[in-house]
Protein chains: 2
Amino acid sequence: MFTLQKLTELYHEFDAALAQIIEQPGSPREVYEPISYILKIGGKRIRPAMAIAAFKLYQNETNTAIIQLAQAVEMFHNFTLLHDDIMDKSLLRRGKETVHIKWDESTAILCGDLLQIEVYEKLTSIGNLEILTLFNQMARELCEGQMNDMNFENRDQISNTDYLQMITQKTAVLLGFSMQSGALLGGASSEEAKKLYNLGIGIGVSFQLMDDYLDTFGEKAKVGKQIGGDILNQKKTFLWNEMWNHLDASDRDKITNMYAHFSDEEMIAHIKQKMIQTGADQKTLQLAQEHTIKNTALLASINASGDKTYLEEIMKMLSERES
Amino acid sequence: MFTLQKLTELYHEFDAALAQIIEQPGSPREVYEPISYILKIGGKRIRPAMAIAAFKLYQNETNTAIIQLAQAVEMFHNFTLLHDDIMDKSLLRRGKETVHIKWDESTAILCGDLLQIEVYEKLTSIGNLEILTLFNQMARELCEGQMNDMNFENRDQISNTDYLQMITQKTAVLLGFSMQSGALLGGASSEEAKKLYNLGIGIGVSFQLMDDYLDTFGEKAKVGKQIGGDILNQKKTFLWNEMWNHLDASDRDKITNMYAHFSDEEMIAHIKQKMIQTGADQKTLQLAQEHTIKNTALLASINASGDKTYLEEIMKMLSERES
């Protein structure tokens, strides 16, 4: 059995650094407590793991800079969640009340702004202008992706190209940045680091496709949230688009009318059936799988002196996940 | 007659740089247009002027770095306006609809986030880690100040010390940073630059006190907005606190009850009268004046080889302003 032993070791190494960013000792408490809260409620801590794993391709022992980078990417991810949850009017995050619900919107906006500044404090401490430049570029793309995502709500049909571009911007670039910068801090050449950026993008796209799939076809007990949320929000995921783009006009009209009159359970059952009928579920899994295969080949092509096991375990964990 | 000739020259110099940041050519347009809009609708452009004026204490000719800094501080100021206007539920900014009204709240949050990233792009381009560190420190204080300001709404009484600390954080530190960094880029020593930081703080405090005063005692035609907004919002400015802290319990109860039953005009007239009776108006002007005198002495103590006229004109303009 594959035990993800290296990954456990890596998370253990990040533990103290995580506790440090959760601390948030500043004043007034009203702006620091919600930041501590969002950082504390968890998640998979995938981004810091990826940054450290990329570093470990080139170095055996972590140093201050890579730990600061790992902290920065985890904090930045939480900053985006904080503000996205306001925009999406989400009530829950990882089973807990979102910040704008537990406190209020003004607090959530301000705490996000401060958390973003804390990210830059970490990045500035690393003292590497190339990494700062890459970060700015990535953060800009991520904002563009969030706007594209919001724009999709007002469009009837989204092409797969547009969807894949959006999730690249909104999800994958941060994974790409985490690995590229981790590699640079480890001493990788620019070209090698760029390969790790591309690997991060590949992992991010397949991650998001699986996320979409599990939101509809996952098991509630494993995923840890209500199944079918995307369907109820008519979220235009790859899975949805693959179904929608293969329905005829009468099927589409019928679905649109159903949303006004049918129960949540009935809608979820009907759309799931349509997704299966059109093969959208299989196409989603297949595309995720294709990315996983490409990612594995890309990792094999990377010529690093250090330990590849960390990254291999992360990729294995992500591609086999059921939650 | 004092014509502010140097200041005009300085603004002229900043014109092209301002046009450049207003351009915002990126895509999707939905996230760039509101940024362009807020940067375009104006304001006094005091912060870039202060940055350049501090630089000119040490250098005759501007260079790329100081112009980027001037752009960054103007952009950061507009970022704070964008998010503060959501938190304050403001409908108008400089006589125009605020971004969250003209577009929507999600757009305003996201555009603010992107504008903040653009600020860091400018700062990163300057390539000076000391300036980045000072900026992060200032931005953190500004967020703390915004939270203190929001906290004041839930408190009955605010001490002058607390109020002055809040406006220092919320307004003055950005002016301090603008001048300190401008001086550093000009070649000032750390100690000289720190003096300019302190001068910026002094200018900021006196600026905010005058702002509070003009909101109640200014002339509508000159100030360019409805007079008495702070009174109607029961905003706990220095002016308000100086009145409130000198009223007895029955006067306070009377005012609290009046807000539920009296018209806006009646409330404004009553509170103005109380401010005059308690001498709060004169105390506000006097404190602003004291800061102006201290600021002038501080500028005189600065030992710079370059031209002081720019900064003198800015200070004169701010202390004599009626709008």
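In this text, all values refer to a predicted model and were calculated from it rather than measured experimentally.

1. Some points on the overall build of chain A
Counting secondary structure elements, chain A contains 16 helices and two strands. Taking 20 Å as the expected radius of gyration for a compact globule of 323 residues, we find that chain A reaches 20 Å, a close match to that expectation. Here the C-alpha coordinates of chain A stretch approximately 60 × 50 × 35 Å along the principal axes. Counting every position in chain A, which comprises 323 residues, the buried fraction comes to 48%. The long-range share in chain A, meaning contacts at least 24 apart out of those at least 6 apart in sequence, stands at 75%.

2. Considerations on the packing of helix α1 (residues 5–23) of chain B against helix α2 (residues 29–40) of chain B
All names here are of chain B. With their axes 8 Å apart at the nearest point, α1 and α2 run at an angle of 150 degrees to one another. One way to sum up the angle between α1 and α2 is to call them roughly antiparallel. The residues of α2 that touch α1, namely those facing I21, I22 and E23, are S36, L39 and K40.

3. Points about the interface of chain A and chain B
Counting from both sides, the interface comprises 31 residues of chain A and, opposite them, 31 residues of chain B. At the level of secondary structure, the elements contributing two or more residues to the side of chain A that touches chain B comprise α2 (29–40), α4 (64–87), α6 (105–126) and α7 (129–152) of chain A. The element that contributes the greatest number of residues to the side of chain A that touches chain B is α7 of chain A, accounting for 13 residues. Residue composition of the side of chain A that touches chain B, by class: 15 nonpolar, eleven polar and five charged.

4. So, the environment of M179 of chain B
All names here are of chain B. Here M179 is to be found in helix α8 (residues 160–186). Each C-alpha atom of the pair M179 and A53 lies 7.7 Å from the other, and the pair is 126 residues apart in sequence. Those residues in contact with M179 that lie beyond four places of it in its chain are M50, A51, A54, L196, Y197, L199 and G200.

5. Remarks on the relation of the copies chain A and chain B
Each copy superposes on the other: chain A lies on chain B with an RMSD of 0.0 Å after a rotation of 180 degrees and an axial shift of 0.0 Å. Overall, the copies show the geometry of a two-fold rotation axis.

6. What about the environment of A17 of chain B?
Residues and elements named next belong to chain B. With respect to the helices and strands, the residue A17 is situated in helix α1. Among the residues examined, A17 registers 19 C-beta atoms within 10 Å and is labelled partly exposed. Leaving out residues up to four positions away in the same chain, A17 has contacts with I67, A70 and Q71.

7. Digging into α8 of chain B
All names here are of chain B. Of all bends in α8, the biggest is about 50 degrees, found at A172. Counting buried positions along α8 gives 21 out of 27 residues, so the element sits mostly inside the fold. Phi for G187, located one or two positions after α8, is positive at around 110 degrees.

8. Describing helix α15 (residues 280–301) of chain A
Residue and element names in this part refer to chain A. Given a rise of 1.5 Å per residue, 22 residues ought to cover 32 Å, and the 32 Å separating the end C-alpha atoms of α15 matches this to within 8%. Inspection of α15 places A280, T284, A288, H291, T292 and N295 among the buried residues, and these make up the whole buried set. Summarising the axial view, the buried residues of α15 lie within an arc of 120 degrees, below the 170-degree limit, and thus occupy one face. Exposed residues on α15 whose side chains face more than 90 degrees from its buried face are Q286, I293, A297, A300 and S301. Taken together, the buried residues of α15 touch α9 (190–217), α12 (238–244), α14 (264–277) and α16 (309–319).

9. Description of unusual backbone geometry
Put simply, S27 of chain A and P28 of chain A share a cis peptide bond, and its omega is 0 degrees. Here P28 of chain A lies in the loop between α1 (5–23) and α2. Positive phi, close to 50 degrees, is recorded for R94 of chain B, a residue that is not glycine.

10. Details of the confidence of the model for chain A
Counting all residues, the mean pLDDT for chain A is 94, and 99% of those residues have values of 70 or more. For this predicted complex, the interface confidence score (ipTM) comes to 0.96, while the overall pTM stands at 0.96.

11. Thoughts on the packing of α7 of chain A against helix α6 (residues 105–126) of chain B
Where α7 of chain A meets α6 of chain B, the axes come as close as 10 Å, and the angle between the chain directions of the two elements is 160 degrees. Relative to α6 of chain B, α7 of chain A is oriented roughly antiparallel. Along this stretch, α7 of chain A crosses α6 of chain B, giving a crossing that reads as left-handed. Note on element contacts: α6 of chain B touches α7 of chain A through S106, L110, D113, L114, I117, Y120, E121 and T124 of chain B, opposite L129, L132, T133, N136, A139, R140, C143, Q146, M147 and M150 of chain A.

12. A few points about the environment of A51 of chain B
Residue and element names in this part refer to chain B. Note that A51 resides in helix α3 (residues 46–55). For the pair A51 and L185, spaced 134 residues apart in sequence, the C-alpha separation works out to 9.5 Å. Not counting residues within four places of it along the chain, the set of residues in contact with A51 comprises I66, L69, A70, V73, S178, M179, S181 and G182.

13. A short note on the nonpolar core
Formed by 184 residues in total, the largest nonpolar core has its most connected members in A51, A54 and A183 of chain A together with A51, A54 and A183 of chain B. Apart from residues lying up to four places away in sequence, A54 of chain A is in contact with M179, G182, A183, G186, L196 and L311 of chain A.

Criteria and cut-off values
- Residues numbered from 1 in each chain as written.
- Chains lettered and ligands numbered in written order.
- Predicted model: local features only at pLDDT ≥ 70, side-chain atom pairs only at ≥ 80, totals over all residues.
- Helix = DSSP H or I, 4+ residues; strand = E, 2+ residues; numbered from the N terminus.
- Rg over C-alpha atoms; globule rule 2.2 N^0.38 Å.
- Buried ≥ 20, exposed ≤ 12 C-beta atoms within 10 Å, placed from the backbone.
- Contact = placed C-beta atoms within 7 Å.
- Axes fitted to C-alpha atoms, helices over the stretch in contact; angles between N-to-C directions.
- Parallel < 35°, antiparallel > 145°, perpendicular 65-115°, else oblique.
- Nonpolar A, V, L, I, M, F, W, Y, C, P; charged D, E, K, R; others polar.
- Least-squares fit on C-alpha atoms with pLDDT ≥ 70 in both.
- Bend = angle between axes of the 7 residues up to and from the residue.
- Expected span 1.5 Å × (residues − 1).
- Arc of directions from axis to C-beta.
- pLDDT = per-residue confidence, 0-100.
- Left-handed = near helix turned anticlockwise from the far one by under 90°.
- Core = buried A, V, L, I, M, F, W, Y, C linked by C-beta atoms within 7 Å.

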